[in-house]
Amino acid sequence: MLEAAIKVVRVLPLVACVCLASCASRSRGPAVPEQLGSQATVLNNPAVRSWDDDLSPPFLAELIAASDREIERSRRADDSIGPVKFLAISGGGSDGAFGAGLLVGWSKSGTRPEFKVVTGISTGALTAPFAFLGPAYDDKLRRVYTSIATRDIFFSRGLIAGIFDDAMFDTTPLRQLMETLVDEQMMKDIAREYERGRLLLIGTTNLDADRGVIWNVGLIASSGDPGALRLIHDVLMASAAIPAGFPPVMIDVEAEGRKYQEMHVDGGTKSQVFLYPASLDIGAKFVRAGVVRDRQAFIIRNARFKPDWEEVPRRTLSVARRAISALIRTQGIGDLYQIYLISRRDNVGFNLAYIPDSFTARASDHFDPEYMTKLFELGYSRAEKGYEWSKVPPGWVDKMEEEQPPFAVPHN
């Protein structure tokens, strides 16, 4: 037995060398140097995207220009400017079926508004273009979240390839699905709405820089650049690219006349849902501009709040999977608390929808059509009857109006 063990030990380095030779890591272009990170551009347009924690002046100017177009359009039509409706759609994988059903049911109720701004992360990024374009795209949205299966999203590369390649799974099926659904006509429709002053914003994570990125998809769609549609596909794929599970998306950029590549992954790496950066005080900005409007934010969380009990096997991957799941859940709750506080500061109405704890169905696969259909129908039925939006995040006890905070300076 000892001799057999020694033979195995001796052959392991050879096996490793063979695996490394046959499963060499994928190459990539040079990353953007840290000092040039804010100068790197896509489509030769600095307003196309921005860091999420520090909006660049060109990006911010483009957002303001969109609002100006909307206001000017209302003036030309001799119509009063209406309220602002935001929609933020979270990540959640196949649980995105809940948000999709809610939107379609909302259309059926006849009360679904046109949203001034739609944002999306991860599965929310895949839903966001359909939500942005409204009820006309509900049939496609229903089909995506009730008929697809795991084989329509990814397939396994195998354990060895997964370890030595850039991800465990190959998402070619998802890319093909995305190219079929988000076509030239859809891009034209997004561009049309962008020219009306509406915004479609998608979040990804620049893994090289370890920073979140917000993409102005409407500006990309209206750019007229021959690479615009491919870039939209790349952004949507990147936002849903679960690190280590799905391959990262490499995006070509330029800085100071040189070409580089950025590695982008799931926007959920930085946040599970976003409304707009905390640094953007929209209330103050529009008051100074003399524009007073009612503003309401609608947030769809494609997840439950209650933690799921599970006896975790004492194995590395099981422990890691469970810990990451817990981190994602608590991060999502923290994101909602941040959005709530920002909305209070900016006098924006807070409206939250989420999967109720009473929904106890379990999926038999990563993307199980039967499970997703049940979840879609849950969101649909609740919205069709008139969804009862939560006005505070679960667990929030609001005493801000009742008690003076301990850090307040007393009045003389």
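Residues numbered from 1 in each chain as written. Predicted model: local features only at pLDDT ≥ 70, side-chain atom pairs only at ≥ 80, totals over all residues. Heavy atoms only, no water.

Draft legend 1. Summary view of the overall build of the protein chain. Helices and strands together make up the secondary structure of the protein chain, namely 13 helices and eleven strands. A buried classification covers 49% of the 412 residues belonging to the protein chain. In the protein chain, the proportion of contacts linking residues at least 24 apart, taken out of those at least 6 apart, comes to 78%. Total accessible area on the protein chain is roughly 21100 Å²; 56% of this is exposed by carbon and sulfur atoms. (Helix = DSSP H or I, 4+ residues; strand = E, 2+ residues; numbered from the N terminus. Buried < 20%, exposed > 50% of the residue type's maximum accessible area, 1.4 Å probe, protein only. Contact = heavy atoms within 4.5 Å. Areas by Shrake-Rupley, 256 points an atom, 1.4 Å probe, with all protein chains shown as cover.)

Draft legend 2. Geometry of the packing of aromatic side chains. If you walk through the whole model with that rule in mind, you get 15 aromatic pairs. Look at Phe154 and Phe169: their rings are 4.4 Å apart centre to centre, the planes differ by 45°, and that puts the pair in the tilted class. Placement of Phe154 in the loop between α5 (138-147) and β4 (155-156) and of Phe169 in strand β5 (residues 169-170) is noted, with a sequence separation of 15 residues between them. For Phe154, a relative accessible area of 6% gives the class buried. Taking the centre distance of 5.3 Å and the plane angle of 50° together, the rings of Phe154 and Phe246 count as tilted. Placement of the pair is Phe154 in the loop between α5 and β4 and Phe246 in the loop between α10 (228-239) and β8 (249-255), with a sequence separation of 92 residues. (Phe/Tyr/Trp six-rings, centres within 6.5 Å; stacked < 30°, edge-to-face > 60°.)

Draft legend 3. Region of interest: the environment of Asn302. Along the chain, the position of Asn302 falls in the loop between β10 (295-301) and α12 (316-345). On the basis of relative accessible area, Asn302 is assigned to the buried category, the value being 1%. Along the sequence, Asn302 and Ser90 sit 212 residues apart, while their C-alpha atoms lie 5.9 Å from each other. Each residue touching Asn302, except ones within four places of it in the same chain, is listed here: Ile89, Ser90, Gly91, Gly92, Asp95, Gly96, Phe98, Gly99, Thr123 and Ile355.

Draft legend 4. Up close: the nonpolar core. Counting 109 residues, the largest nonpolar core has Leu87, Phe98, Leu102, Val118, Tyr145, Trp215 and Ile299 as the members making the most contacts within it. At eight residues, the largest contribution of residues to this core is made by α10. When neighbours within four sequence positions are excluded, Tyr145 is seen to be in contact with Gly96, Ala97, Ala100, Thr123, Leu126, Thr127, Met372, Thr373 and Phe376. (Core = buried A, V, L, I, M, F, W, Y, C linked by side-chain atoms within 4.5 Å.)

Draft legend 5. Inspection of helix α4 (residues 123-133) at higher detail. Of all the eleven residues making up α4, eleven are buried; the element is thus mostly covered by neighbouring parts of the structure. Restricting attention to buried positions, one finds in α4 the residues Thr123, Gly124, Ala125, Leu126, Thr127, Ala128, Pro129, Phe130, Ala131, Phe132 and Leu133. Where α4 ends, the next residue or the one after it, Gly134, has phi of about 85°, a positive value.

Draft legend 6. Inspection of the environment of Ala238 at higher detail. Tracing the sequence through the fold places Ala238 in helix α10. Sequence spacing of Ala238 and Thr204 is 34 residues, and the spatial spacing of their C-alpha atoms is 6.2 Å. Excluding its chain neighbours within four sequence positions, the residues that come into contact with Ala238 are Thr204, Val249, His264, Val265, Asp266 and Gly267.

Draft legend 7. View of a nonpolar patch on the surface. A surface patch of nonpolar side chains, about 290 Å² in accessible area, is lined by Leu159, Ile160 and Ile163. For Ile160, the location among the structural elements is in helix α6 (residues 159-164). (Patch = residues over 30% accessible without salt bridge, like charges linked within 9 Å, V, L, I, M, F, W, Y side chains within 5 Å. Salt bridge = Lys/Arg side-chain N within 4 Å of Asp/Glu carboxyl O.)

Draft legend 8. Broad picture of helix α3 (residues 96-109). Spanning 14 residues, α3 covers 20 Å between terminal C-alpha atoms, matching the ideal 20 Å at 1.5 Å per step. Among the 14 residues of α3, twelve are classified as buried, and the element is accordingly described as predominantly covered. Turning to α3, its buried residues are Gly96, Ala97, Phe98, Gly99, Ala100, Gly101, Leu102, Leu103, Val104, Gly105, Trp106 and Ser107. Lining the buried residues of α3 we find β2 (84-89), α4, α5, β10, β11 (349-354) and α13 (369-384). Gly110 occupies a position one or two residues after α3 and carries a positive phi of about 85°. (Expected span 1.5 Å × (residues − 1).)

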